[in-house]
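A structural walkthrough
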Amino acid sequence: MEGSFGSSFFEGRLAVREVTHEDLLFNTWYELSSWLASISSTSGLVGYYRNLEADSLEEATLIYFEDGQVSESSVEDIQVIDDFSQTLEAALLPSET
């Protein structure tokens, strides 16, 4: 799966970013989300999505993994998305080894 959907896999960490209309990851996400949540060592905020017609990130939906389950909620603090995006960007950068 590495390289698909703008993904990176390094040291056991999968990071995915895809921004497209008719998003292929969105169609795959619901098939994989429960499985990914069940094997993920990450808990808490793991991603977000929004409709392309949405005017702002306040209209995004946050995705959380907790206790092997997937949950979603609306954005309450836009800074959460900014912090998450910076962390994701760092994870997607090629490592310097």
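Quick note: structure is the one above.
Described in the following lines is the structure provided in the data block. (Residues numbered from 1 in each chain as written. Predicted model: local features only at pLDDT ≥ 70, side-chain atom pairs only at ≥ 80, totals over all residues. Heavy atoms only, no water.)

Some remarks on the overall build of the protein
Each helix and strand in the protein was counted, giving two helices and five strands. Along the protein, helices (α) and strands (β) appear in the sequence β-β-α-β-β-β-α when read from the amino end. Counting every position in the protein, which comprises 97 residues, the buried fraction comes to 23%. Pairs at least 24 apart in sequence give 35% of the contacts found in the protein among residues at least 6 apart. Total accessible area on the protein stands at roughly 7,000 Å², and carbon and sulfur atoms take up 49% of it. (Helix = DSSP H or I, 4+ residues; strand = E, 2+ residues; numbered from the N terminus. Buried < 20%, exposed > 50% of the residue type's maximum accessible area, 1.4 Å probe, protein only. Contact = heavy atoms within 4.5 Å. Areas by Shrake-Rupley, 256 points an atom, 1.4 Å probe, with all protein chains shown as cover.)

Examining the nonpolar core
Counting residues in each nonpolar core, the largest one holds five residues, listed as W29, L36, A37, I63 and F65. Those elements that place two or more of their residues in this core are α1 (24-39) and β4 (61-66). With three residues, α1 is the largest single contributor of residues to this core. In contact with I63, other than residues within four places in its own chain, are W29, G44, L45, V46, G47, Y48, Y49, V70, S71 and E72. (Core = buried A, V, L, I, M, F, W, Y, C linked by side-chain atoms within 4.5 Å.)

Things to note about the sheet that holds strand β5 (residues 69-74)
Ordered in space as β3-β4-β5, the three strands form an open sheet in which the pairing is antiparallel. A single partner strand is all that each edge strand has here, and the edge strands are β3 (44-49) and β5. Taken pair by pair, the neighbouring strands of this sheet meet at an average axis angle of 30°, ignoring direction. Two strands pair when backbone bridges link them, and β4 and β5 are joined in this way by six bridges, in the antiparallel orientation. (Pairing = 2+ DSSP bridges. Axes fitted to C-alpha atoms, helices over the stretch in contact; angles between N-to-C directions.)

Some details on the pairing of β4
Alignment of β3 against β4, held across five bridges, turns out to be antiparallel. Of the residues in β4, the one forming a bridge with Y49 is T61.

Let's talk about unusual backbone geometry
Of note in the backbone geometry, D67 takes a positive phi value of approximately 50° without being a glycine. One can find D67 in the loop between β4 and β5. Judged by relative accessible area, which is 76%, D67 ranks as exposed.

A short note on a negative patch on the surface
A cluster of acidic side chains, namely E76, D77, D82 and D83, defines a negative patch on the protein surface. For D82, the position within the fold is in helix α2 (residues 78-92). (Patch = residues over 30% accessible without salt bridge, like charges linked within 9 Å, V, L, I, M, F, W, Y side chains within 5 Å. Salt bridge = Lys/Arg side-chain N within 4 Å of Asp/Glu carboxyl O. Lys, Arg positive; Asp, Glu negative; His and termini not counted. Charge placed at Lys NZ, Arg CZ, Asp CG, Glu CD.)

Concerning the environment of A60
Relative to the helices and strands, A60 is located in the loop between β3 and β4. Of the residues examined, A60 reaches a relative accessible area of 3% and is grouped as buried.

Some points on the environment of V70
Tracing the backbone shows V70 in strand β5. The exposure class assigned to V70 is partly exposed, which follows from its relative accessible area of 30%. Note: C-alpha distance between V70 and S33 (37 residues apart in sequence) is 6.9 Å. Beyond its immediate stretch of four places on either side in the chain, V70 contacts W29, S33, S34, A37, I63, Y64 and F65.

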